[in-house]
Amino acid sequence: MKNLYGYKLEDLEQLMLEMGQKKYRATQLFKWIYERNVTSFDEMSDISLAFRETLKNEFCLEIPTIFKKQVSSDGTVKLLLSLKDDSKIETVLMRYNYGLVACVTSQVGCNMGCAFCASGLFKKQRNLEVHELVGQILVLNNLLKEENKKITHVVVMGTGEPFDNYDNVMKFIRILNHPYGFAIGARHLTVSTCGLVEKIKDYANEGIQINLAISLHAPNDKIRNKIMPISFKYPLDQLMEAIKYYEQTAKRRVTFEYILLEDVNDSIEDAKELAQLIRGTTSYVNLIPYNPVGELKYKRTSGNRVHRFMDALIKEGVNVTVRKEFGTDIDAACGQLRAKNG
Ligand code: SAH
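Okay, so let's go over this structure. Treat the numbers as computed from the prediction; the structure is a model and nothing was measured.

1. Concerning the sheet that holds strand β3 (residues 65–71)
Paired through their backbone hydrogen bonds, the strands of a sheet run either parallel or antiparallel.
So, point 1. Across the sheet, 10 strands lie side by side as β3-β4-β5-β6-β9-β10-β11-β12-β13-β14; this open sheet has mixed pairing. In this open sheet, the two edge strands, each paired with only one partner strand, are β3 and β14 (320–322). Neighbour-to-neighbour, the strand axes of this sheet turn through a mean angle of 20 degrees, independent of strand direction.
So, point 2. In terms of strand pairing, strand β11 (residues 211–215) meets strand β12 (residues 254–260) through four bridges, oriented parallel.

As structure tokens, then:
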């Protein structure tokens, strides 16, 4: 059975035509399930009884179930969701002053193998389907109903490499962005990648004003090779070229994410080299305090050194911010997602 949450509007229109229906049926359905958040076909009063029966036979409206829920003292919510095949994935809700941000998982496990990351401890089992991506937002919106609120921003920065599940992630983005879908503005949507060069170029050509974050984490290939195996496949010169292509084509800046790891990438020289590397781009650096992972050897750079690093970047004319941390008390902090079962 097909899941109705698995289609962007254009694909649903195509399906309706194939079912001998008019194209606008798709818009009606979209409005019911996203604008009005209806969860059964019986409530769709402007659709004929006969066609509602057909829909019931062909489509379901299932979303992941909550297996475990943790709420942090800062209001961050981490959910362990159960999927149809019993896979478990994590989704996080963060409360920023500018809005409610969902941090979405794109794959069950991850194959990128970044040395510092908890998610990579579990190899990729599969890509998430479009309805499983959409489902994460619906589950969070259901929770937010009692506060009369909805998710306002989405970052695809949970477990997995979104560009290794490119087509499904882009369909998801279209559903989030569509006025009859979740109607979330493109500038409130961010996809984060460890740097799959061809996909960065595809993304540049999507013609949508959505944000791109690049997990850079190193100022040169030598350091990057040690912590991010993807760098052997796509060395920094190729990555930077793709980013420049993106900036010119999409007319958008990227955010460079840079985790500070003690004695790995956090010296003043590293800061200077980083400034050099990104010179010529219009983009800025978001320094991420590292959240230590029990099994791994990496340590967080201390507060003083963070400031020295930041100052060195500023001196070189780089725009830089330090990421605010959420949910550290419930392992929901950036990089802590690992879908422990139980
Ligand atoms: N695969 C994508 C998206 C998921 S990771 C990517 O690489 O961008 C989201 C971000 O969290 C990345 O910048 C990643 O490097 C970072 N991250 C991973 N482990 C972390 C940790 N322990 N502490 C802080 N950030 C971490």
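We are not done yet, so read on.
2. A word on unusual backbone geometry
Among all residues save glycine, negative phi is the norm, and among peptide bonds the norm is trans.
So, point 1. For Asn37, which is not glycine, the phi dihedral falls at a positive 55 degrees.
So, point 2. Looking at where Asn37 falls in the secondary structure, it is placed in the loop between α2 (24–35) and α3 (49–58).
So, point 3. Positive phi values are uncommon outside glycine, yet Lys251 reaches one of about 55 degrees.
So, point 4. Structurally, Lys251 can be placed in the loop between α9 (236–250) and β12.
So, point 5. Judged by relative accessible area, Lys251 falls into the exposed class, the value being 66%.

3. Regarding the environment of Lys226
So, point 1. Summarising the element assignment, Lys226 is placed in helix α7 (residues 221–227).
So, point 2. With relative accessibility at 60%, the residue Lys226 sits in the exposed group.
So, point 3. Taking the C-alpha atoms as reference points, Lys226 and Ser302, 76 residues apart in sequence, are found 21 Å from one another.
So, point 4. Discounting chain neighbours no more than four positions away, the residues touching Lys226 are Ala115 and Tyr298.

4. Notes on the pairing of strand β13 (residues 284–289)
So, point 1. Among the six residues in β13, five count as buried, and that is most of the element.
So, point 2. For β12 and β13, the ladder comprises six bridges, and the chain directions are parallel. In the strand pairing of β13, Ile259 is matched with Ile288.
So, point 3. A crossover links β12 with its parallel partner β13, the connecting element being helix α10 (residues 268–278), and its sense is right-handed.
So, point 4. Here β13 runs beside β14; their pairing, made up of three bridges, is parallel. Within β14, the residue paired with Leu287 across the bridge is Val322.
So, point 5. For the handedness criterion, the β-α-β arrangement of β13, helix α11 (residues 303–315) and β14 is classed as right-handed.

5. Points about the site of the ligand
So, point 1. The immediate surroundings of the ligand are formed by 22 residues, with Glu161, Ser192, Ser215, His217 and Asn291 found nearest.
So, point 2. Between the ligand and His217 there is a distance of 2.6 Å, counted from an oxygen atom to a side-chain nitrogen or oxygen.
So, point 3. Separating an oxygen atom of the ligand from a side-chain N or O atom of Glu257 is a distance of 3.4 Å.
So, point 4. Burial of the ligand by the surrounding chains reaches 96%, relative to a free accessible area of 530 Å².

6. Quick word on the pattern of salt bridges
Oppositely charged side chains can form a pair if their charged atoms are brought close together.
So, point 1. Counting across every chain of the model gives 17 salt bridges.
So, point 2. Its salt-bridge partner being Lys88, residue Asp86 comes within 3.6 Å of it at the nearest N-O pair.
So, point 3. Across the pair Lys124 and Asp164 runs a salt bridge, and its minimum N-O distance is 3.0 Å. Linking Lys124 in the loop between β7 (107–108) and β8 (126–127) with Asp164 in the loop between β9 (153–156) and α5 (166–177), this pair joins segments that are 40 residues apart in sequence.
So, point 4. Note on Lys124: relative accessible area 26%, which makes it partly exposed.
So, point 5. The class of Asp164 is partly exposed, set by a relative accessible area of 25%.
So, point 6. Each member of the salt-bridge network shares a partner with another, and the members are Asp42, Glu53 and Lys56.

Conventions adopted
- Residues numbered from 1 in each chain as written.
- Predicted model: local features only at pLDDT ≥ 70, side-chain atom pairs only at ≥ 80, totals over all residues.
- Heavy atoms only, no water.
- Pairing = 2+ DSSP bridges.
- Helix = DSSP H or I, 4+ residues; strand = E, 2+ residues; numbered from the N terminus.
- Axes fitted to C-alpha atoms, helices over the stretch in contact; angles between N-to-C directions.
- Buried < 20%, exposed > 50% of the residue type's maximum accessible area, 1.4 Å probe, protein only.
- Contact = heavy atoms within 4.5 Å.
- Right-handed = clockwise from strand over helix to strand, strands pointing away.
- Near = heavy atom within 4 Å.
- Polar contact = N/O pair within 3.5 Å; in protein donor to acceptor, adjacent residues only side chain to side chain.
- Areas by Shrake-Rupley, 256 points an atom, 1.4 Å probe, with all protein chains shown as cover.
- Salt bridge = Lys/Arg side-chain N within 4 Å of Asp/Glu carboxyl O.

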